[in-house]
Amino acid sequence: MRLTNRLQKVQTPIIPVIANWTRQTPGTLSLGQGMVSYPPPDAAMQAISAFGGLPEQHLYGSPLGHPPLLDLIRAKLRRENSIDVDRAYQVMVTAGSNMAFLNTIMAISDPGDEIILPTPYYFNQEMAIEMLGCVTVPVLTREDYQLDLNALQEAITTKTRAIVTVSPNNPSGAVYPEADLRAVNRLCKQHGIFHISDEAYEYFTYGGAAHFSPASLDDAAEHTISLYSLSKAYGFASWRVGYAVFPEALLASMLKIQDTNLICPPLITQIAAMGALEVGAEYCRQKLPELAQIRQQVLQQLQSITEMCEVQATSGAFYLLLKVHTPMRDLELAERLIKAFKVAAIPGSAFGMQDGCYLRISYGMLNREQSFEAITRLVTGLQVLCR
């Protein structure tokens, strides 16, 4: 049978490739996948302890989401993000923010339309764009991984439908300042395109860096789409709960997409999400001091090999992006680090980094002792393989 050319052009998901090598090498410590080491709050588990006892819990629900959960999300958006969701915005619960992004691109674009992604970009977003027959327009960020506003403006054409920002950023960990996000939002308004703001790591900032939500701006409601996730802050990775905040004008399209793809978000995970949101952001913030210490420990260990790799001490998420001084391809380096030194990292080429050998490391999924051991293995491996 003939395979579709459209999907043949989409990059192979890198996480399963690295995970497979890791499974084949027992004892490997992973600095790969973007997860936290802590579990969901007890309140999330308690919320679903009696699930299934009511007949209506087994029926289809609203495609937008469970109304009590939507109320909690709207209250959170007002309180924490300063977003007035009653001002021409709609909210939709999705199976993770990846699904929210896919729904969004489908709702705003036609095949051949262009979506601007600052590079390094989140690979699943590039994959979604290509799957839908649209065109990814990568725009390099500066050396510190901050936005190049002039380059973004120059990349806009008559086919451009959106600029995507991810802040705090995956994979670089950069936190974009409010002034730059305001500038991007203003640029999108001027050109009649959408600003898609991915805020999955909104609570993960360090050293005085501050998260900002562009949808909070007074004139943003017609062209701003915000994406959120419970996976990171609440240890909810496997539960697949996220949500999108989008202009009222997109409602009919978003409902068509949701009804075709998911029908409605799974009720049991939405009830668990209610338990998590009732605990609130403080659950994540209590974890941040230890995560900040792990981040500092990782940076100190990497300073011992500055002649071998460069790393920007970015201030968000739980990622660092290493530029390794070697002619070796990053995928080959990642494989050899796993098989010879039992430590996993993600090749930077998956994130659009083509001007050298890059590795993304995640310091969120290991505790302090495991993280120290994993970085020690990484440093040793780079010293041996790249000398």
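Residues numbered from 1 in each chain as written. Predicted model: local features only at pLDDT ≥ 70, side-chain atom pairs only at ≥ 80, totals over all residues. Heavy atoms only, no water.

(A) Here's a closer look at the packing of aromatic side chains. Applying the stated criterion to the full structure yields 11 aromatic pairs. Here the aromatic rings of F204 and F318 are separated by 5.2 Å at their centres, their planes lie at 90 degrees, and the arrangement is edge-to-face. Within this pair, whereas F204 is found in the loop between β6 (194-198) and β7 (224-229), its partner F318 is found in the loop between β9 (309-311) and β10 (319-324), the two being separated by 114 residues in sequence. Residue F204 is classed as buried on the basis of its relative accessible area, which comes to 1%. Overall, the relative accessible area of 0% leaves F318 in the buried class. Here F318 and Y319 contribute two aromatic rings whose centre-to-centre distance is 5.0 Å and whose plane-to-plane angle is 50 degrees, an arrangement assigned as tilted. Accessibility expressed as a relative area gives 1% for Y319, which makes it buried. The rings of Y201, F204, F318 and Y319 are connected pair by pair, giving a single aromatic cluster. Its guanidinium or amino end placed over the ring of Y38, K287 lies 5.2 Å from that ring's centre, counting from NZ or CZ. (Phe/Tyr/Trp six-rings, centres within 6.5 Å; stacked < 30°, edge-to-face > 60°. Helix = DSSP H or I, 4+ residues; strand = E, 2+ residues; numbered from the N terminus. Buried < 20%, exposed > 50% of the residue type's maximum accessible area, 1.4 Å probe, protein only. Lys NZ or Arg CZ within 6 Å of the ring centre and 35° of its normal.)

(B) Summary view of the side chain of N81. Topologically, N81 is positioned in helix α4 (residues 67-81). A relative accessible area of 4% places N81 in the buried class. At 2.9 Å, the side chain of N81 forms a polar contact with the side chain of K76. At 3.0 Å, the side chain of N81 forms a polar contact with the side chain of S213. Setting aside chain neighbours within four positions, we find N81 in contact with K76, E199, E202, H211, S213, S216 and Y228. (Polar contact = N/O pair within 3.5 Å; in protein donor to acceptor, adjacent residues only side chain to side chain. Contact = heavy atoms within 4.5 Å.)

(C) Inspection of the nonpolar core at higher detail. Counting 136 residues, the largest nonpolar core has F204, L302, L333, I361, L378 and L382 as its most contacted members. In terms of residue count, the dominant contributor to this core is helix α10 (residues 267-279) (7 residues). Filtering out sequence-adjacent residues up to four positions away, L302 remains in contact with V311, L320, L322, I361, I375, L378 and V379. (Core = buried A, V, L, I, M, F, W, Y, C linked by side-chain atoms within 4.5 Å.)

(D) The arrangement of the sheet that holds strand β4 (residues 135-140) in detail. Pairing within the open sheet is mixed, and its 7 strands lie in the order β2-β8-β7-β6-β5-β3-β4. Because the sheet does not close on itself, it has two edges, and the strands there are β2 (89-94) and β4. Going from strand to strand, the sheet's axes swing by 20 degrees on average, the running direction of each strand aside. Bridge count for β6 against β7 is 4 bridges, and the pairing is parallel. The residue bridging H195 from the neighbouring strand is T224, located in β7. Each of β2, β3 (114-119), β5 (160-166), β6, β7 and β8 (242-247) touches helix α5 (residues 97-108); the most contacted strand, β7, lies at about 160 degrees to it. (Pairing = 2+ DSSP bridges. Axes fitted to C-alpha atoms, helices over the stretch in contact; angles between N-to-C directions.)

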